[in-house]
Amino acid sequence: MSTSYLTGLNNAQLKAVTAPEQNLLVIAGAGTGKTRVIVSRIAYILNEFQDPPRSILAVTFTNKAALELKERVQKACVGINDLNMLWAGTFHAICARFLRSYCFAANLPASFTIMDPSDVKRELKHIIEPLNLNLKGAELNKLLGSVSETIFALKEKGLRAQQLLSSTRDTQYEITRRFRSELTFDEFVQIYLKYEEFCETVGAVDFSELLLRTCELFNKHPEILSLQHRRFKHILVDEFQDTNHIQYKLVQLLCGENCTVMAVGDDDQSIYSWRGANYRNMPNFLRDFKDAKLIALEENYRSSQNVLDLANSLMSGCEDRLSQKVLQSQKGAGQVVEVVECPNNYQEAQWVASTMSLLHNAGVPYQEMAVLYRFNSQSNPLENAFSTLGIPYNIWGGLRFFDREEIQNSLAYLRLAVNENDNAALLRIINVPKRAIGPSKIELIENIATEHHCSHFKAIELLLETAKDPAFKKAYAAKAKSFKDFYDLVLKIKENLETQSLQEALHFIHEQTGLNDFYTKKDKDEGKNSLEGRVANLKELEENAARFEEECKVNPILDSDGNQIAIPLLFITNTSLVSGGEINSKGEKDSLQDAANLSTIHSAKGLEYQVVFVVGFEDSILPSAKGNTLDEFEEERRLAYVAITRAKEKLFLSYCNMRTNYQGTNYTGPSVFLTEILKDVNKTHQKEQLPYKERSVSYSRYD
DNA sequence: GGTATAACGATTTTT
DNA sequence: TCGTTATACC
């Protein structure tokens, strides 16, 4: 038996990896080899405990992380059979799979589809419009945002509309606060009720519903839950600081008598609390999971000590920490951290670009350099400066592959063919490309649907039937004609799914619905060539489908009766949840090869670069001016911490005295965090009487 | 029903 | 400044 998965681990890591079967909370500071520990622990479970892969459930924050984990486990566990029985995925993907398997018990149709947030908004608009709230378009849109966010947040707290009816005044206030005065509590509850009703009749679930529905499934059906308890002996959860209420509940539910959980996370890197993440789930874990043991990883393999000194000093100012970690570098002091003062944000951008250019000439590849900022809006001057100097760059955090309009539209056809009740999908594409079905005709369909309590698609069918009747022929003939093509098209797609491969079916959709022609024209108008345009993305989707189909054949997913679940269904589920290929904000499919990285701090989480520029280290930027409470302030501190700890060799921090953006011109200045850190560092410098050039932090001004 | 222009609002974002 | 969406007009 090989134990190579243990070599090279430090003491703390070894302790975590080789711990007996018990609940474990691993606090893994930035760059301390967290993924390594998870992979090694899985290898240890398989080799030492001799438990089969199917007894392991590994939960990650993103699909990308799940994929990476699976690959690394495969490498570390050569010779172990049935590795594909190991479950690794996000909470959402895992729940979707449970719901597919137990759809009947979960009270969902076998063909249930998953709505993305834009579908949800479109439906909420339908629900809210008849209320005649007298809102301007933009205001209505903002309200739609708040309402959908609120519904998601409530579901993730486990609250359905029905339960809100008996909620306390405090809860009611918490909810209505989000809508200013545009919506009363009762109005909101009515909307929420109607929305749930819509989802129910249509057989569609939103992202939050996946989690809530699965929780309810297990609570209502202990026999199904005990099946899981019999299966899962080891649950590993990565990024535990980013779990929310319902995800924590799910872990509790899934953890049976003979199961232990390894929760891995870093409370210092919790930067998503505004989305419902609760880092206090980490201390709660110690309280709620029997005999849970705590292990902290502090040996850092990523950054030099000079970088870590800043990070440590920044976090020492934070009160609410699970453990007062002090990160120790395994790489030595390293290069000086440079703090740079700039007159304004345009100069700052110029300074970044020219410094990068110098570093590149000195041999640092562009892809090893990153500029991190608090707001997307800060990227603009940087992009200009980069273009002027001819520095190639990629912007992260732009539109993702499966969020793209053309992909969503293509998938909507597929969704409708799979589940004709999916009204959200129907409304999305009934007039894309244009086939002369405007608002008035859609209203007609909606009226028929309401009247007959049926789906929109059925309503079209009814309309076409009625139009055949000579008595109505005149009245309906003109209107019916425009629906006929659409109706036949969807039926044909349905038929194709029975006989053709998924790839072929998608190809048919792209050709026959006119999507390809529509986007070919659009690509041309926008001056896109055949490689970077929307048509190319549709092609990519077809190829994606082919790959997916292959995978399904190798590793089929079964329902509770042991039957294989239909591939188109799985594809829809998968693509709704998987963010796809890397796309930069310019919509280019393939990112540039040796290109510098521009990113918000949030989307840089988990990444690392040789050289990092953190720009806009200013009050009202970092920390953001939006935060008022102490909690919000401390989250900004953690954000700064995440930014700093992305750097492997060289870190630059910059701030401006004056900043011009759409709001106008503001006089800014160094961030409180910066003054805090520098005070600390300077103290050390003085104490050790270091000459200026040996100091760990240098300070300069750029004009 | 489709296209040009005005008006508005703008933390952070994964699933 | 930029992107989205409502409206006015053909």
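Scoring rules and cut-offs
- Residues numbered from 1 in each chain as written.
- Chains lettered and ligands numbered in written order.
- Predicted model: local features only at pLDDT ≥ 70, side-chain atom pairs only at ≥ 80, totals over all residues.
- Heavy atoms only, no water.
- 1 Å grid on protein atoms, 1.4 Å probe; cavity = no way out; pocket = protein on both sides within 12 Å on 5 of 7 lines; lining within 4 Å.
- Points joined across faces, edges and corners; volume = space filled by probe spheres on them.
- Helix = DSSP H or I, 4+ residues; strand = E, 2+ residues; numbered from the N terminus.
- Nonpolar A, V, L, I, M, F, W, Y, C, P; charged D, E, K, R; others polar.
- Near = heavy atom within 4 Å.
- Polar contact = N/O pair within 3.5 Å; in protein donor to acceptor, adjacent residues only side chain to side chain.
- Salt bridge = Lys/Arg side-chain N within 4 Å of Asp/Glu carboxyl O.
- Buried < 20%, exposed > 50% of the residue type's maximum accessible area, 1.4 Å probe, protein only.
- Contact = heavy atoms within 4.5 Å.
- Axes fitted to C-alpha atoms, helices over the stretch in contact; angles between N-to-C directions.
- Parallel < 35°, antiparallel > 145°, perpendicular 65-115°, else oblique.
- Left-handed = near helix turned anticlockwise from the far one by under 90°.
- Pairing = 2+ DSSP bridges.
- pLDDT = per-residue confidence, 0-100.
- Core = buried A, V, L, I, M, F, W, Y, C linked by side-chain atoms within 4.5 Å.

1. What about the layout of surface pockets?
Inference 1: Estimates place the volume of the second largest pocket at around 820 Å³.
Inference 2: Forming the walls of the second largest pocket are 23 residues, and the residues nearest its centre are Glu123, Phe198, Glu446, Thr450 and His456.
Inference 3: Of all the secondary structure elements, the ones that give two or more residues to the lining of the second largest pocket are helix H5 (117-128), helix H9 (185-202), helix H18 (423-429) and helix H19 (439-452).
Inference 4: For the lining of the second largest pocket, the per-class residue count stands at eight nonpolar, nine polar and six charged.

2. Quick word on the protein's contact with DNA strand B
Inference 1: Around DNA strand B there are 28 residues in total, and His92, Arg275, Arg374, Thr600 and Lys626 lie nearest to it.
Inference 2: Each atom of DNA strand B within 4 Å of the protein belongs either to a base or to sugar and phosphate, the latter forming 50%.
Inference 3: Here His92 contributes a side-chain N or O atom positioned 3.5 Å from a base oxygen of DNA strand B.
Inference 4: At 2.6 Å from a phosphate oxygen of DNA strand B is found a side-chain nitrogen or oxygen belonging to Thr600.
Inference 5: Residues of the surface near DNA strand B, tallied by class, amount to ten nonpolar, eleven polar and seven charged.

3. Quick look at the pattern of salt bridges
Inference 1: Inspection of the entire model under this criterion finds 45 salt bridges.
Inference 2: Ionic pairing is found between Asp266 and Lys325, a salt bridge with its closest N-O pair at 2.9 Å. Placement of Asp266 in the loop between strand E7 (260-265) and helix H13 (281-288) and of Lys325 in the loop between helix H14 (305-316) and strand E10 (328-329) is noted, with a sequence separation of 59 residues between them.
Inference 3: On the basis of relative accessibility, which here comes to 3%, the residue Lys325 falls in the buried class.
Inference 4: Residue Glu348 is joined to Arg659 by a salt bridge in which the shortest nitrogen-to-oxygen separation is 3.4 Å. With Glu348 in helix H15 (residues 345-361) and Arg659 in strand E16 (residues 647-661), the pair connects residues that are 311 residues apart, well separated along the chain.
Inference 5: A relative accessible area of 6% means that Arg659 is categorised as buried.

4. Points about the environment of Ser671
Inference 1: Mapped onto the fold, Ser671 is located in the loop between strand E17 (664-667) and helix H27 (672-688).
Inference 2: Between the C-alpha atoms of Ser671 and Asp631, which are 40 residues apart in sequence, the distance is 17 Å.
Inference 3: Apart from residues no more than four positions distant in its own chain, Ser671 is found in contact with Phe617, Glu618, Asp619, Leu622 and Pro623.
Inference 4: Of note is the side chain of Ser671, whose polar atom sits 2.8 Å from the backbone oxygen of Leu622.

5. Some details on empty space enclosed by the protein
Inference 1: Using the criterion set out here, one finds one cavity of 30 Å³ or more in the structure.
Inference 2: If you add up the space inside the largest cavity, you get close to 50 Å³.
Inference 3: In this structure, the largest cavity is lined by Gln22, Arg41, Ile45, His234, Ile235, Leu236, Thr260, Val261 and Met262.
Inference 4: At the level of secondary structure, the elements contributing two or more residues to the lining of the largest cavity comprise helix H2 (34-49), strand E6 (234-237) and E7.
Inference 5: When grouped by side-chain class, the residues that make up the lining of the largest cavity number five nonpolar, three polar and one charged.

6. Examining the protein's contact with DNA strand C
Inference 1: Inspection of the region around DNA strand C gives Lys125, Gly137, Asn141, Asn380 and Tyr662 as its neighbouring residues.
Inference 2: Sugar and phosphate atoms represent 60% of those atoms of DNA strand C found within 4 Å of the protein.
Inference 3: Looking at side-chain class alone, the surface near DNA strand C contains one nonpolar, three polar and one charged residues.

7. Some points on the packing of helix H22 (residues 502-512) against helix H24 (residues 534-554)
Inference 1: For the pair H22 and H24, the least separation of the axes is 8 Å and the interaxial angle reads 160°. Taken together, the axis directions place H22 and H24 in an arrangement best described as roughly antiparallel. Seen along the crossing, H22 lies across H24 with a hand that is right-handed. Along its contact with H22, which presents Leu502, Gln503, Leu506, His507 and His510, the element H24 presents Leu538, Lys539, Leu541, Glu542, Glu543, Ala545, Ala546 and Glu549.

8. Details of the sheet that holds strand E8 (residues 293-297)
Inference 1: The parallel open sheet is built from six strands, whose spatial order is E3-E2-E6-E7-E1-E8. Unpaired on one side and paired on the other, strand E3 (87-90) and E8 mark the two borders of the sheet. Taking the axes of each pair of neighbouring strands and ignoring which way they run, one obtains an average angle of 15° across the sheet.
Inference 2: For E6 and E7, the ladder comprises four bridges, and the chain directions are parallel. Residue Ile235 lies in a different strand from E7, and its bridge partner there is Val261.

9. Here's the deal with the confidence of the model for chain A
Inference 1: Looking at chain A as a whole, the pLDDT averages 88, with 93% of positions reaching at least 70.
Inference 2: Per-element averaging of pLDDT across chain A places H27 at the bottom with 79 and E6 at the top with 97.
Inference 3: Across residues 580-589, confidence stays below pLDDT 50; counting only partners more than four residues off in sequence or on other chains, it has 26 contacts.

10. Regarding the nonpolar core
Inference 1: Core analysis: the biggest nonpolar cluster contains 54 residues, and Leu414, Ile460, Phe486 and Phe571 have the highest contact counts within it.
Inference 2: The residues contacting Leu414, other than those within four sequence positions of it, are Leu497, Leu502, Leu506, Ile509, Phe571 and Ile572.
Inference 3: Counting residues in each nonpolar core, the second largest holds 44 residues, with Leu210, Ile224, Leu250 and Met282 among its members.

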